[in-house]
Amino acid sequence: MKGMTMSMVNGFAYAQMMPLGLPAGLASRLGSGPPPKPVMWLLFRLHPEIRARFERCERVFESKLWRTDLQHWDRVDKPRAVEKHLALQAIDPATLDLQALRKHVERARAHMSEMITLHHLYNFTVILPTGDYLAHVCEWTGVSTGEALSLLRGTSPLARGIAIDELEALAKALRASEEGRAVLARQGHAQGVLDALMAMPGEVGAAARGYLDLVRFRSIGYDISDKTAGELPDMLVRALRAAAEEDRGKDALTARDEKEREIRARVPAAHRTQFDELLGEARLVNRLRDERGIYADSWGTGLARRAVLEVGRRLASAGKVEDLEHAADLTLDEMFALLEGRTGPAAAEIAKRALYRATMTLEHAPPWLNAPPGEPPPLDVFPAAARRAMKAMNMLMADMTADHADVGKPSETESSAARVKGLTINAGVYEGTARVVLDPADFGRIQKGDVLVTRSTSAYFNVVLPLLGAIVTDRGGQLSHAAIVAREYGIPGIVGTKEATATIPDGARVRVDGATGEVTILAAAPSFVAEVAL
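Worth saying up front: this structure is predicted, and the values here are computed from it rather than measured.

What counts as what
- Residues numbered from 1 in each chain as written.
- Predicted model: local features only at pLDDT ≥ 70, side-chain atom pairs only at ≥ 80, totals over all residues.
- Heavy atoms only, no water.
- Core = buried A, V, L, I, M, F, W, Y, C linked by side-chain atoms within 4.5 Å.
- Buried < 20%, exposed > 50% of the residue type's maximum accessible area, 1.4 Å probe, protein only.
- Helix = DSSP H or I, 4+ residues; strand = E, 2+ residues; numbered from the N terminus.
- Contact = heavy atoms within 4.5 Å.
- Phe/Tyr/Trp six-rings, centres within 6.5 Å; stacked < 30°, edge-to-face > 60°.
- Polar contact = N/O pair within 3.5 Å; in protein donor to acceptor, adjacent residues only side chain to side chain.
- Patch = residues over 30% accessible without salt bridge, like charges linked within 9 Å, V, L, I, M, F, W, Y side chains within 5 Å.
- Areas by Shrake-Rupley, 256 points an atom, 1.4 Å probe, with all protein chains shown as cover.
- Salt bridge = Lys/Arg side-chain N within 4 Å of Asp/Glu carboxyl O.
- Pairing = 2+ DSSP bridges.
- Axes fitted to C-alpha atoms, helices over the stretch in contact; angles between N-to-C directions.
- Expected span 1.5 Å × (residues − 1).
- Bend = angle between axes of the 7 residues up to and from the residue.
- 1 Å grid on protein atoms, 1.4 Å probe; cavity = no way out; pocket = protein on both sides within 12 Å on 5 of 7 lines; lining within 4 Å.
- Points joined across faces, edges and corners; volume = space filled by probe spheres on them.
- Nonpolar A, V, L, I, M, F, W, Y, C, P; charged D, E, K, R; others polar.
- Parallel < 35°, antiparallel > 145°, perpendicular 65-115°, else oblique.
- Left-handed = near helix turned anticlockwise from the far one by under 90°.

### Observations concerning the nonpolar core
1) Next: One finds Leu197, Tyr211 and Leu236 to be the most contacted residues of the largest nonpolar core, which totals 49 residues.
2) Next: Elements that contribute at least two residues to this core include exactly helix H8 (164–175), helix H9 (178–184), helix H10 (190–199), helix H11 (202–215), helix H12 (233–243), strand S4 (423–426), strand S7 (468–473) and helix H19 (481–489).
3) Next: At 7 residues, H12 tops the list of elements feeding residues into this core.
4) Next: Beyond its immediate stretch of four places on either side in the chain, leucine 197 contacts Leu174, Gly180, Val183, Leu184, Val204, Gly205, Ala208 and Leu240.
5) Next: Formed by 37 residues, the second largest nonpolar core is a distinct cluster that contains Ala81, Ala296, Ala328 and Leu338.

Here it is in structure tokens:
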């Protein structure tokens, strides 16, 4: 592929892969699938850039180029990103005059764009070794991708919380400090609890400042319209209380090692050395999946939001917007036209944009425009190294976004009003209160032991993970973020239900069965029961 083009249509992002070696007009006439095999055969052997890519593919596997990428992330890109975040974070937008605020917003926007790009620069570094491991092991043993992926448990520590080192340092300090635990247990204003922790002398105060300085400006969504962790102090306090308790996953690695021995025994003897190597490489890069989000665009997006909210605060004070959050629905020029008293959209129009953004979901948009995406090209036309890479990509992409035909559809003996089915991602049975989260703003309602019911999760959900008893999603496959964190935490997880958020009432008591992939509604939410009684 030459690359990807992206377009925004009615507020939704669409992407299209552009084939390498074919003129755009010819590619469109061939439709959404690959060209005929004879055409591909000729292109692969005659097109100089395609041939160069195949040669590079061989070098990637021979040199394990992803290791070089990982070193560059650790030594260059990650520390450089953190340095840029902290420099921008040190500027309080509320102290800036109008001209300086515009420059700050422009800088924050450029920084966010840079961090999003940085995240995606490492896509292939994460995808290739993991997909390569899965493609080989599943072919050799017949195990499911879920079983194979369970061997990666413990290798993505950030899946267990944002700023995990700082969080664990704070949790350790709290366990050793009776006074610190007393402060954390205080009832009342959550921000006051956080401020009191940061003001404490000694290890607790230092650890609290170290952790909160790193997480408070990180977005818990994908856009500047999504809140940052610092805007949800109640959630942070509850998550800290859960983290301060003993680690419930301390026996996880023992179980993982037992599973590894079981799977390895099923690998043909001639391939066991290669199995060890493939597993080692997948474990090596696994942490980068979440790190690139947490240390790149999550932080960058949160800092851009802080700048935009200062614009919103000034516009709301001047009566130019109905809510300071509505500044997220303005262009940069519109923001400052309104601040400078020039012509701009009316508050009612801005509110209409905000309502559209808040209420439209993926279910309201067609899954594709023009023609549906085609099948991947046949593997047998590729040279060996390229074929290996394609198998790895196909395996990973299928399990990240798998849409299982039988998932979410109850059988004739099941009641769709009482039970939802999906793809099991981690075994175990858990009963608890369902907390339906449709927007990051809902995070503030999550209590310890809740069952998270959401459309899908991302690395930015990690801050609430210490609170959860189980995870259930509408979308996703074995390589979705929800699947990874369920395995890391050792909690039951079910993904790809298609209808959990529409079927399971918020506050209902549910049973999540990670063995059968079923979520059973045991009792309606208390508020619903009260309404029925009336």
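### Regarding helix H16 (residues 332–339)
1) Next: Burial runs high along H16: 6 of the 8 residues are buried.
2) Next: Among the residues making up H16, those that are buried are Leu332, Glu334, Met335, Phe336, Ala337 and Leu338.
3) Next: Of the surrounding secondary structure, the elements contacted by the buried residues of H16 are helix H5 (98–121), helix H15 (288–317) and helix H17 (347–359).
4) Next: Positive backbone phi, approximately 80°, marks glycine 341, located one or two places after H16.

### Looking at the packing of aromatic side chains
1) Next: In total, this model carries 6 aromatic pairs according to the counting rule given.
2) Next: Ring geometry for phenylalanine 44 against phenylalanine 54: centres 5.1 Å apart, planes inclined by 85°, an arrangement best described as edge-to-face. One end of the pair, phenylalanine 44, is in helix H2 (residues 37–46); the other, phenylalanine 54, is in helix H3 (residues 48–63), with 10 residues separating them in the sequence.
3) Next: When its relative accessible area of 14% is taken as the criterion, phenylalanine 54 is described as buried.
4) Next: Taking 4.9 Å as the distance between ring centres and 45° as the angle between the ring planes, the aromatic pair formed by phenylalanine 44 and phenylalanine 382 counts as tilted. Highlighted residues: phenylalanine 44 in helix H2 and phenylalanine 382 in the loop between H17 and helix H18 (384–400), separated in sequence by 338 residues.

### Section: the side chain of aspartate 450
1) Next: Take aspartate 450: it is sitting in strand S6 (residues 450–454).
2) Next: Owing to a relative accessible area of 5%, aspartate 450 belongs among the buried residues under this scheme.
3) Next: A polar side-chain atom of aspartate 450 sits 2.8 Å from the main-chain amide nitrogen of glutamine 447.
4) Next: Excluding its chain neighbours within four sequence positions, the residues that come into contact with aspartate 450 are Thr433, Arg435, Arg445, Leu467, Leu468, Gly469 and Ala470.

### Here's the deal with a nonpolar patch on the surface
1) Next: On the surface, Met4, Met6 and Met17 cluster together into a nonpolar patch covering about 330 Å² of accessible area.
2) Next: Tracing the chain through its elements places methionine 6 in strand S1 (residues 3–9).

### Examining the sheet that holds S4
1) Next: A sheet is described by the order of its strands in space; here 8 strands give the open sequence S3-S10-S9-S5-S6-S7-S8-S4, paired in mixed fashion. A strand with exactly one partner marks an edge of an open sheet, and here the two such strands are strand S3 (419–421) and S4. The average angle at which neighbouring strand axes cross in this sheet is 30°, direction not considered.
2) Next: Across 3 bridges, S3 lies against strand S10 (residues 518–523) in antiparallel orientation. Residue pairing for S10: valine 420 is matched across the bridge by valine 519.
3) Next: Seen against the sheet, H19 touches S4, S7 and strand S8 (493–495) and runs at an angle of roughly 40° to S4.

### Side note on helix H4 (residues 65–89)
1) Next: Here H4 spans 34 Å end to end across 25 residues, near enough to the 36 Å set by a 1.5 Å rise per residue.
2) Next: Along H4, the largest kink reaches about 50° and is centred on tryptophan 73.
3) Next: Listed in full, the buried residues belonging to H4 are Trp66, Leu70, Trp73, Asp77, Ala81, Val82, His85, Leu88 and Gln89.
4) Next: Considering only its buried residues, H4 is in contact with H3, H5, helix H6 (123–141), H11, helix H14 (272–286) and H15.

### Brief notes about unusual backbone geometry
1) Next: Of note, the phi angle at asparagine 10 is positive, near 55°, even though the residue is not glycine.
2) Next: One non-glycine residue, lysine 498, lies in positive phi territory at about 75°.
3) Next: The topology assignment puts lysine 498 in the loop between S8 and helix H20 (500–503).

### Some points on empty space enclosed by the protein
1) Next: Summed over the entire model, instances satisfying the criterion amount to 2 cavities of 30 Å³ or more.
2) Next: In this structure, the largest cavity is lined by Leu149, Leu152, Arg153, Asn286, Leu479, Ile484, Arg487 and Glu488.
3) Next: With 3 residues, the top contributor of residues to the lining of the largest cavity is H19.
4) Next: Taken together, the residues of the lining of the largest cavity sort by class into 4 nonpolar, 1 polar and 3 charged.

### Things to note about the packing of H4 against H14
1) Next: As a packed pair, H4 and H14 sit with axes 10 Å apart at the nearest point and diverge in direction by 20°. As summarised for this structure, H4 and H14 are arranged roughly parallel, according to the angle between their axes. Two packed elements cross with a definite hand, and for H4 against H14 that hand is left-handed. Between H4 and H14, the residues in contact are Trp66, Arg67 and Leu70 and Glu281, Leu284 and Val285, respectively.
2) Next: Across the contact of H4 with H14, the residue classes break down as 4 nonpolar, no polar and 2 charged.

### Observations regarding the environment of proline 505
1) Next: Looking at the secondary structure, you find proline 505 in the loop between H20 and strand S9 (509–513).
2) Next: Under the relative-accessibility criterion, proline 505 is labelled partly exposed at 32%.
3) Next: Residues proline 505 and valine 453, 52 residues apart in the sequence, show an inter-C-alpha distance of 9.5 Å.
4) Next: What proline 505 contacts, discounting residues up to four positions off in sequence, is Ala434, Val436 and Ile521.

### Details of the environment of glutamate 363
1) Next: Turning to its location among the elements, glutamate 363 is positioned in the loop between H17 and H18.
2) Next: For glutamate 363, the contacting residues outside a window of four places in its chain are Arg455 and Arg475.

### Quick notes on the pattern of salt bridges
1) Next: Summed over all chains, the structure comprises 33 salt bridges.
2) Next: A salt bridge links lysine 391 to glutamate 139, with the shortest nitrogen-to-oxygen separation between them at 3.3 Å. On the criterion of sequence distance, the pair formed by lysine 391 in helix H18 and glutamate 139 in helix H6 is long-range, its members being 252 residues apart.
3) Next: Under the relative-accessibility criterion, lysine 391 is labelled partly exposed at 32%.
4) Next: Its salt-bridge partner being arginine 216, residue aspartate 213 comes within 3.3 Å of it at the nearest N-O pair.
5) Next: Judged by relative accessible area, aspartate 213 falls into the partly exposed class, the value being 32%.
6) Next: By relative accessible area, arginine 216 is classed as partly exposed at 34%.
7) Next: One network of salt bridges, with partners in common, ties together Arg435, Asp442, Arg445, Asp450 and Asp506.

That is the geometry; function is a separate question.
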